[in-house]
Amino acid sequence: MDLRQFLNIFFILYLSVSLVISSEVKHTNNWAVIVDTSRFWFNYRHAANVLSIYRSVKRLGIPDSHIILMLSDDMACNPRNPRPATVFNNENENINVYGDDVEVDYRGNEVTVKNFIRVLTGRLPEATPHSKKMMSDETSNILIYMSGHGGDGFLKFQDSEEISDIELADVMEQMWQKRRYNQILFMVDSCQAESMFLKFYSPNILAVASSKVGEDSLSHHMDHSIGVYVIDRFTYYALEFLETVDQNSKKTIQELFKCCPKHKCISTVTYRTDLFPRPINKVLVTEFFGNVRNISWTPELIEFSFFDNINQIS
C-alpha cells in the first residue's frame, strides 16, 4: 500500500467515526443575540455590559456572522466621551471593549421590541441583509443576553416601549415550534430580572437573572473621569469568570451561575433549570459561549492534489 492509498483510507475512516458521533449530537452550531436596550449617556454601563459579552463570545470562537449585536446608543461616539471610539468596562481602562472590529447589526432607533422579536422568530422582511438575520435551525444553541432597565414582568426598550414576560415566553415558543433552536441560554441583567423568565414554558431553555422579583440589580463601580458607572455587578463577575474559560475549557454552566454570590452581587442571582433536559453541572460553558467545529460527511471519495505532491516527495 502506497502513501496515497493509506491517506485515502485513513480519511474515510476518520469521517465515518465522525458521522457516528455527530448522529448522536443535535448541536452543530452556535448563535448569540446580545441586546442593550437602554439609551442616553447615564446608561453607559448597559452598553459596556453588552460589548463585554460580545467580546467574550468572539474570543471563544463565535464569529460575527453568528452574532446579532443590538446597541441602543453609540457610547463610543457620544460627545460626552473624552476618549472617542472607546468603551471601557473598568475604570482602569485596560480593555477597550468597543475594539477595532466591532460589528453592530442594529443600532439606535433600530433597537425595538419589534425588531428583537423578528430576529428571534425569523420573521424579517425578505430584503433584510443576512448580517441582520439569525439563520439558526433545530441544531443551534443560542445565547440570548439582555441588559437594561426592567421591572416586575417587563424590560424597557429605549425608554419608550417594553417587552413583557408573557410576550417573551411566547417568542420562545414560536422559536421552538419553528425549529429555530436546539437549546437556549437566556441571561438578563436588570432590576427584577427573574420575572422575565418565570413565564417560559418551552423546552430546552436555561435561564439566569441578576436579581429576584422585587430586587434591584446594582452597578459595580464608577469611572470618575467620565462621571458614570461603567458596568453592572452581575455582568462584572460573569466576565471575571469567563476570562478563565478557553475553547477547550471543561467549566460548566453551574459554575457560571454561581459566579456572583449575594455578598458580591448584593442582589440575588436566580436561575431556572426545570425546562432543560440535562443537569447544569454536565453542561459546558462553551456549549453556548464557544464555537462548534463542524465536519461535513460525503459518501464520495475526494481527491486532494497535495497527495500527489506527497507521493512525489516520497
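The structure we're discussing is the one just above.
Anyway, here's the lowdown on the structure attached to this text. (Residues numbered from 1 in each chain as written. Predicted model: local features only at pLDDT ≥ 70, side-chain atom pairs only at ≥ 80, totals over all residues. Heavy atoms only, no water.)

Considering the overall build of the protein chain
- If you tally the helices and strands in the protein chain, you get nine helices and 12 strands.
- Across the 314 residues in the protein chain, those meeting the buried criterion constitute 52%.
- Only carbon and sulfur atoms are counted for the fraction: they give 53% of the accessible area of the protein chain, which is about 14900 Å². (Helix = DSSP H or I, 4+ residues; strand = E, 2+ residues; numbered from the N terminus. Buried < 20%, exposed > 50% of the residue type's maximum accessible area, 1.4 Å probe, protein only. Areas by Shrake-Rupley, 256 points an atom, 1.4 Å probe, with all protein chains shown as cover.)

So, the sheet that holds strand S5 (residues 150-151)
- Ordered by their spatial adjacency, three strands build an open sheet running S5-S6-S7, and the pairing between neighbours is antiparallel. Looking at which strands have only one partner, the edges of the open sheet turn out to be S5 and strand S7 (161-164).
- Bridge count between strand S6 (residues 154-157) and S7: four bridges; the pairing is antiparallel. Looking at S7, one finds that lysine 156 is bridged to glutamate 162.
- In the packing of helix H3 (residues 113-121) onto the sheet, the strands contacted are S6 and S7, and the crossing angle to S7 comes to about 40°. (Pairing = 2+ DSSP bridges. Contact = heavy atoms within 4.5 Å. Axes fitted to C-alpha atoms, helices over the stretch in contact; angles between N-to-C directions.)

So, the pattern of salt bridges
- Under the criterion given, the structure shown has 14 salt bridges.
- Among the ionic pairs, arginine 278 bridges to glutamate 287, the shortest N-O distance being 2.6 Å.
- Residue class for glutamate 287 comes out buried when judged on its relative accessible area of 15%.
- Linked through salt bridges whose partners overlap, the residues forming this network are Lys58, Asp64 and Asp101. (Salt bridge = Lys/Arg side-chain N within 4 Å of Asp/Glu carboxyl O.)

Topic: the packing of H3 against helix H4 (residues 165-177)
- Where H3 contacts H4, the axes come no closer than 9 Å and their chain directions differ by 25°. Between H3 and H4, the angle falls in the class roughly parallel. In this structure, the crossing between H3 and H4 has a hand that is right-handed. Together, Phe116, Ile117, Leu120 and Thr121 of H3 and Leu168, Val171, Gln174 and Met175 of H4 make up the contact between the two elements.
- Of the residues assigned to the contact of H3 with H4, the class counts are six nonpolar, two polar and no charged. (Parallel < 35°, antiparallel > 145°, perpendicular 65-115°, else oblique. Left-handed = near helix turned anticlockwise from the far one by under 90°. Nonpolar A, V, L, I, M, F, W, Y, C, P; charged D, E, K, R; others polar.)

Examining the sheet that holds strand S2 (residues 67-71)
- Read from one edge to the other, the open sheet built from seven strands follows the order S3-S2-S1-S4-S8-S9-S12, with strand pairing classed as mixed. Of all strands in the sheet, those bounded by a partner on one side alone are strand S3 (106-107) and strand S12 (270-272).

Some points on the environment of leucine 155
- Counting through the fold element by element, leucine 155 comes out in strand S6.
- Beyond its immediate sequence surroundings of up to four residues, leucine 155 is in contact with Thr37, Met146, Gly148, His149, Gly150, Glu161, Glu162, Ile163, Ser190 and Met196.

Thoughts on helix H2 (residues 44-59)
- Taking 1.5 Å per residue, 16 residues should reach 22 Å; H2 reaches 22 Å between its end C-alpha atoms and fits that length.
- Most of H2 sits inside the fold, with 13 of its 16 residues counted as buried.
- Backbone geometry just downstream of H2 places glycine 61 in the positive-phi region, at approximately 115°. (Expected span 1.5 Å × (residues − 1).)

Some remarks on the packing of H2 against helix H5 (residues 233-242)
- With their axes 10 Å apart at the nearest point, H2 and H5 run at an angle of 15° to one another. Relative to H5, H2 is oriented roughly parallel. In the crossing of H2 with H5, the sense of the turn from one axis to the other is left-handed. Every residue of H5 that contacts H2 at Asn49, Ser52, Ile53, Ser56 and Arg59 is listed here: Thr235, Leu239 and Leu242.
- For the contact of H2 with H5, the class distribution of residues is three nonpolar, four polar and one charged.

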